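# An overview of the molecular structure
Okay, here's what each chain looks like letter by letter:
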Amino acid sequence: MKLYRLFSLAIVLSTLSGCNKSPLIKVILLAGQSNMEGHDSKWNLLPEETIDKYRKNHNNVKINYDCTYEVTQGGVANTSNGKFVDVDFGQGRDNTYFGPEVGIASYLGKHDSNQRYYLIKSCEGSSSLAEHWAEDGHCYQTFVKDVNASIKMFKEKKLNFKIVAFMWMQGEEDSNREDYANQYQENTKGLINRLNSTFKTYIPNYGISFIDAGIAINTCWSRWEIINGAKKAVAASNDKYRYVEDSETLPRIDPGYHYTPESYLKLGERFAEEYLNIK
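Here is a short report on the structure shown in this document. As the structure is a prediction and not an experimental result, all values here were calculated from the model. (Residues numbered from 1 in each chain as written. Predicted model: local features only at pLDDT ≥ 70, side-chain atom pairs only at ≥ 80, totals over all residues. Heavy atoms only, no water.)

## Here we look at the packing of aromatic side chains
Applying the stated rule across the entire model yields 17 aromatic pairs. Pairing tryptophan 133 with tryptophan 168 gives two aromatic rings, centres 5.3 Å apart and planes at 85°, and the pair type is edge-to-face. One end of the pair, tryptophan 133, is in the loop between strand E5 (116–123) and helix H6 (138–156); the other, tryptophan 168, is in strand E6 (residues 161–169), and 35 residues separate them in sequence. Summarising the burial analysis for this pair, tryptophan 133 and tryptophan 168 share the class buried. Joined through ring pairs, the aromatic side chains of Trp133, Phe143, Phe166, Trp168, Phe210 and Tyr241 make up one cluster. (Phe/Tyr/Trp six-rings, centres within 6.5 Å; stacked < 30°, edge-to-face > 60°. Helix = DSSP H or I, 4+ residues; strand = E, 2+ residues; numbered from the N terminus. Buried < 20%, exposed > 50% of the residue type's maximum accessible area, 1.4 Å probe, protein only.)

Printed below as a string of structure tokens:
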């Protein structure tokens, strides 16, 4: 009888422990150069009804953003200062621009509203994978610092979280050099492997899901075929990886470097759609 009571007590304590555990927060990392950061995408040019629509119904998504490009240009970075805030327009290169985060939040709010998501966005325009996102590159180092700071915050607040996905929008800068373009596939694999290793404790056992987007089919980028081919090859190498095909042809602002505001919304939705399609 005594043994039975002890066993029953253990079950009760285990159940109570499970009840006290906070719901899982899924963390998605956003990184890359200007088209992840958000350039030339003046959100006040959008119709008011579009702005209102994309500001609603994604209370389950927060963002901690660090757009550092302006620092390299002598300006001040546009950041949330290490805090998670509501996703909104104005979280791009400066507060007049936005990136894919608005479309991502809108799609997740609509199609996975019961799940809490935290986005960590760390980007810099005109940055290359071969240099700035290499292991010792300043973009990668800033990115890791930003993610680690968020992890520390989660742990201090005793939040239950997993880093589930990495969304990557980059490649234009590497297309300007033949050697960088030819190294792009291996460099992308190296980046993913570093993330899986660095944040192993906080990533699912199968590894981080990877969603990539292509660069424009445009004479601005002389080696776009090599870059996009490398991206597609990486995406095809793992059933947890995806490639956003639409990203190549979504309308851009002349001469074609950056997306239109409408295209940024669509790009974000497609990122989120591809993520939710991963089983």
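## Comments concerning H6
The periodicity of an α-helix, 3.6 residues per turn, causes residues three or four positions apart to be oriented the same way. Here H6 is 19 residues long and its end C-alpha atoms lie 27 Å apart, about the 27 Å a rise of 1.5 Å per residue gives. Looking at the packing, one finds that the buried side of H6 touches strand E1 (25–32), strand E2 (61–67), E5, E6 and helix H8 (184–198). With its phi angle positive at about 55°, lysine 158 sits one or two positions after the end of H6. (Expected span 1.5 Å × (residues − 1). Contact = heavy atoms within 4.5 Å.)

## Considerations on the pairing of strand E7 (residues 209–213)
A regular strand places its side chains so that they alternate between the two faces of the sheet. Most of E7 is tucked away, with five of its five residues classed as buried. Alternating residues of E7 divide into Ser209, Ile211 and Ala213 and Phe210 and Asp212, and every residue in both groups is buried. Pairing geometry for E6 and E7, over five bridges, is parallel. Within the sheet, the bridge partner assigned to phenylalanine 166 lies in E7 and is phenylalanine 210. Taken together, the four bridges between E7 and strand E8 (residues 241–244) define a ladder with parallel strand orientation. Its bridge partner lying in E8, aspartate 212 is registered against tyrosine 243. With helix H9 (residues 224–235) bridging E7 and the parallel E8, this β-α-β connection has right-handed handedness. (Pairing = 2+ DSSP bridges. Right-handed = clockwise from strand over helix to strand, strands pointing away.)

## Re the pattern of salt bridges
Under the counting rule described, the total for this entry stands at 12 salt bridges. Here arginine 55 ties to aspartate 88 by a salt bridge, and the two come within 2.8 Å at their closest N and O atoms. Placement of the pair is arginine 55 in the loop between helix H3 (48–54) and E2 and aspartate 88 in the loop between strand E4 (85–86) and helix H5 (101–111), with a sequence separation of 33 residues. For arginine 55, a relative accessible area of 39% puts it in the partly exposed group. A relative accessible area of 25% places aspartate 88 in the partly exposed class. Residue glutamate 248 is joined to lysine 232 by a salt bridge in which the shortest nitrogen-to-oxygen separation is 3.3 Å. Placement of the pair is glutamate 248 in the loop between E8 and strand E9 (252–253) and lysine 232 in helix H9, with a sequence separation of 16 residues. (Salt bridge = Lys/Arg side-chain N within 4 Å of Asp/Glu carboxyl O.)

## Re H5
For H5, the buried fraction is high: nine of the 11 residues fall into the buried class. All buried positions along H5 are accounted for by Glu101, Val102, Gly103, Ile104, Ala105, Ser106, Tyr107, Leu108 and Gly109.

## Section: the packing of H5 against helix H10 (residues 261–276)
The contact between H5 and H10 brings their axes to 6 Å, and the two run at 45°. Classified by the angle their axes make, H5 and H10 are oblique. For the element pair H5 and H10, the recorded crossing hand is right-handed. Side by side, H5 and H10 meet where Val102, Gly103, Ile104, Tyr107, Leu108 and His111 of the first sit next to Leu265, Gly268, Glu269, Phe271, Ala272, Glu273, Tyr275 and Leu276 of the second. Partitioned by chemical class, the residues of the contact of H5 with H10 number nine nonpolar, three polar and two charged. (Axes fitted to C-alpha atoms, helices over the stretch in contact; angles between N-to-C directions. Parallel < 35°, antiparallel > 145°, perpendicular 65-115°, else oblique. Left-handed = near helix turned anticlockwise from the far one by under 90°. Nonpolar A, V, L, I, M, F, W, Y, C, P; charged D, E, K, R; others polar.)

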